[in-house]
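Close look at the chain arrangement
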Amino acid sequence: MESLELPRLFLHHPRASSAPTRPHPHSTTNSSRFLPQFGFPSKLKNATLRSISVSSQDGPISFEDETQQLRHQDQEDEGRLLSREIDDFGSLVSFRLTPHSASASASGKTAETQGNLRSDEVEKPEIGNAEDEKAQTIVTRNIVFVTSEAAPYSKTGGLADVCGSLPIALAGRGHRVMVISPRYIHGTAADSKFSGAVDLGSPINVFCFGGAQEVGFFHEYREGVDWVFVDHPSFHRPGNPYGDKHGTFKDNQFRFTLLSHAACEAPLVLPLGGFTYGEKCLFLVNDWHASLVSVLLASKYRPYGVYKDARSILVIHNIAHQGVEPAITYSNLGLPQEWYGALGWVFPTWARTHALDTGEAVNFLKGAIVTADRIVTVSKGYSWEITTTEGGFGLQEILRDRKSILSGITNGIDVTEWDPSSDEHIASSYSADDLSGKVKCKIALQKELGLPVRPDCPVIGFVGRLDYQKGIDLIRQAIPELMQDDVQFVMLGSGNPIYEDWMRATESLYKDKFRGWVGFNVPVSHRITAGCDILLMPSTFEPCGLNQLYAMRYGTIPVVHETGGLRDTVQNFNPFAGGSGAEGCNAEGTGWTFSPLTKESMLVALRYAIQTYNEHKSSWEGLMKRGMTRDYTWEKAAAQYEQIIEWAFMDPPYC
Ligand SMILES: Nc1ncnc2c1ncn2[C@@H]1O[C@H](COP(=O)(O)OP(=O)(O)O[C@H]2O[C@H](CO)[C@@H](O)[C@H](O)[C@H]2O)[C@@H](O)[C@H]1O
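Thresholds applied
Residues numbered from 1 in each chain as written. Predicted model: local features only at pLDDT ≥ 70, side-chain atom pairs only at ≥ 80, totals over all residues. Heavy atoms only, no water. UniProt positions renumbered as here; feature names shortened; annotations may be inferred. Helix = DSSP H or I, 4+ residues; strand = E, 2+ residues; numbered from the N terminus. Salt bridge = Lys/Arg side-chain N within 4 Å of Asp/Glu carboxyl O. Buried < 20%, exposed > 50% of the residue type's maximum accessible area, 1.4 Å probe, protein only. Contact = heavy atoms within 4.5 Å. Pairing = 2+ DSSP bridges. Polar contact = N/O pair within 3.5 Å; in protein donor to acceptor, adjacent residues only side chain to side chain. Domains from an automatic or database assignment. Nonpolar A, V, L, I, M, F, W, Y, C, P; charged D, E, K, R; others polar.

The protein chain goes by starch synthase in an unreviewed UniProt entry, where it is assigned to Medicago truncatula. Word for word, the UniProt comment on the protein chain under Catalytic activity (unreviewed entry) is "[(1->4)-alpha-D-glucosyl](n) + ADP-alpha-D-glucose = [(1->4)-alpha-D-glucosyl](n+1) + ADP + H(+)". According to the UniProt record, the Pathway (unreviewed entry) comment for the protein chain reads "Glycan biosynthesis; starch biosynthesis."

Some words on the UniProt feature "domain: Starch synthase catalytic" (unreviewed entry) in the protein chain
Mapped onto this numbering, the UniProt entry gives "domain: Starch synthase catalytic" (unreviewed entry) at residues 142-400. Secondary structure within residues 142-400 divides into 27% helix and 26% strand; the distance between the first and last C-alpha atoms comes to 29 Å.

A closer look at the pattern of salt bridges
Enumeration over the complete set of coordinates arrives at 21 salt bridges. With its nearest N and O atoms 2.8 Å apart, the salt bridge here joins E642 to R173. Here E642 is found in helix α22 (residues 635-650), whereas its partner R173 is found in the loop between α6 (158-172) and β8 (176-182), with 469 residues between them in sequence. Judged by relative accessible area, E642 falls into the buried class, the value being 4%. When its relative accessible area of 5% is taken as the criterion, R173 is described as buried. When the shortest N-O distance is used, the salt bridge between E481 and R607 registers 3.6 Å. Linking E481 in helix α15 (residues 472-482) with R607 in helix α20 (residues 599-615), this pair joins segments that are 126 residues apart in sequence.

Topic: the environment of V225
Mapped onto the elements of the fold, V225 is located in strand β12 (residues 225-231). Through-space distance from the C-alpha of V225 to that of I143 is 10.0 Å; in sequence the pair is 82 residues apart. Setting aside residues no more than four positions away along its own chain, V225 makes contact with P167, I168, A171, V177, V179 and E220.

A word on the pairing of β12
Along β12, seven of the seven residues are buried, which leaves the element largely enclosed by surrounding structure. Of the two faces of β12, the one carrying V225, W227, F229 and D231 and the one carrying D226, V228 and V230 are both buried. Inspection of the sheet shows β8 paired to β12 by six bridges, in the parallel sense. Note on β12: the bridge partner recorded for V177 is V225. Two elements, strand β11 (residues 211-222) and β12, share seven bridges in a ladder whose sense is antiparallel. Note on β12: the bridge partner recorded for H219 is V228.

Examining helix α17 (residues 522-531)
The buried fraction of α17 amounts to seven of the ten residues, a majority that puts the element mostly inside the structure. When we look at burial in α17, the residues that qualify are V524, S525, H526, I528, T529, A530 and G531. At its buried positions, α17 is contacted by α14 (436-449), β22 (459-466), β23 (488-495), β24 (514-518) and α18 (547-553). The backbone nitrogen of V524 lies 3.1 Å from a side-chain oxygen of the residue at the head of α17, namely N521.

Comments concerning the domain arrangement of the protein chain
Taken domain by domain, the protein chain consists of domain 1 (142-412 + 636-650) and domain 2 (435-577 + 584-631). Taking only C-alpha atoms into account, the centre of domain 1 sits 32 Å from that of domain 2. Facing 17 residues of domain 1, the contacting portion of domain 2 comprises 15 residues. At the junction of domain 1 and domain 2, the tally comes to one salt bridge. Residue R567 pairs with E385 through a salt bridge whose shortest N-O separation is 3.1 Å. Counting the contacts that link domain 1 with domain 2 gives nine residue pairs in polar contact (both at pLDDT 80 or more). Broken down by secondary-structure element, the contributors of at least two residues to the side of domain 1 that touches domain 2 are α6 and α12 (380-385). Top contributing element to the side of domain 1 that touches domain 2 by residue count: α12, with four residues. Here the residues of the side of domain 1 that touches domain 2 are counted per class, giving four nonpolar, nine polar and four charged.

Comments concerning the side chain of T569
One can find T569 in helix α19 (residues 564-569). For T569, a relative accessible area of 6% gives the class buried. A distance of 3.0 Å separates the side chain of T569 from the side chain of Q548, its partner in a polar contact. Ignoring anything within four residues of it in the chain, the contact list for T569 reads T410, Q548, L549, M552, T590 and R630.

So this is what it looks like as structure tokens:
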């Protein structure tokens, strides 16, 4: 086990680093050329780029003292103005907008006085007011996402979707954003997704698991984001990021410990575009795989004066997975011995396996819960659920202790990838204004899957991991009864082999009505989302859920268990809203929610949906259009993340 070697860190400071190999938007030499990527509101044209003096908690930070008029060649971006803040070691720690003189005077402040605001003095709008927030953003941050998967490079579920698109949304709002995740090489065609990432040629040693582990860094700059991939032989193997046909990899604790250590070093050592991100950054730590980052900041860096101005926010996508391993593994993690308590975890007696089992373990997610500066979950409903005995998976009490810094932000979706009017995977494009292509997608799906082509028959779909969480048991119980109705049912999923075998068996039992596609196939998931009429999500719990959002955007009506993010995002259909009777334009709702989680209540909701589809066409069309015209973009969520980031910087580090 290795503790922090302070001199080693400073050996890597950027003045000792080599120059960037290609132009980068954050390079000062190219600043005017690349400013458009920041995407600030165009009303900021012709403002002045000037240096600002800002105090840190420990006194003034030195800044480059320059005042400069920049006039961009591109008419649209002409004169957009930013000032940059560089720390003592040359790391670019933030950009600030110097607002347009007109808007500054309107608010009674000059550009200079606004620029002199400390980040914690910036006026903040109410959380959730995305429009106001967008207009008022004046502090930008260095944000580092740490995640085990990020689409399109790697994906097994919704975590990848979020970490593939939220960073782009935040970069679009002016922040400097890096995403760090492993460079998985599985020996398949999918490896080509990493082909745009170049080896930075600056491997480092991280100290854990009894020695120095050499990790490399690959980098791709895409859509305004620095995508950084940690390279190590343990990420190169067949299967998916977490396991293969033999089950979960047994060295995942090692692999994600490496990721976390490398993620802490990357902002200090990687001169992306000529500047490191530096110490004053914000880590967005996603799920247990990245949780060690918060603990490392508190235990390994801050005691030595490093990262004292950084903050970390834990984002919980799924509390059921916590990264729990035997207590004896603690000594492998590269953490000071006295910090055992942060990760220490004791199973309740009922969960212990034998008389001598003391239940002692280390729990990565718990480590981040007790050390992160803020905690976010992916919907408001879920942020409450995880503080309850039913939803907290044992962590509810420590989460209740930190309730004051716990928030819920509902995920957005990638509205470019998921757009029925331009989706390259589907048979025919359509939109809320012209729904005619939807039935063509349905016919194409029926043909593709070898189902009888019956445009009027309601088709129910399911897409997701075949896991207890997704309520597959309920579907299994309900299928014999549901197959008595005039419906078709299509499932796409992979995971638990028992469920996979059940899907195959059910398909051979109901040849004309049921299809089960075992596997992970993104194009097929798009075609099912477009071709079905109803999407079923009977999840036992669902932190947010993305498939119901994709479904609504595609005019496919969700029928969901009333839990977590499903309850927050699907509004129950009410044909009588507004009091003017059924079928009318006053109806509201985008789907059906059911509770309790029983076969009976699920079938009741499904049959309401089927009946509405068959007998009330105008109501059905209303449901489709209301879902399709909602705002699913990341804009609102990104503004809310920004707000929480600002709150994190207002307080001193929690640990
Ligand atoms: N066989 C298959 N083939 C192709 N695509 C497949 C697939 N199985 C799943 N997918 C895709 O994977 C994603 C799954 O996302 P979800 O949000 O529904 O669930 P997940 O439980 O993985 O995510 C966790 O994190 C996300 C993000 O925060 C939360 O929304 C969620 O509630 C939480 O459980 C979707 O994009 C879906 O289309």
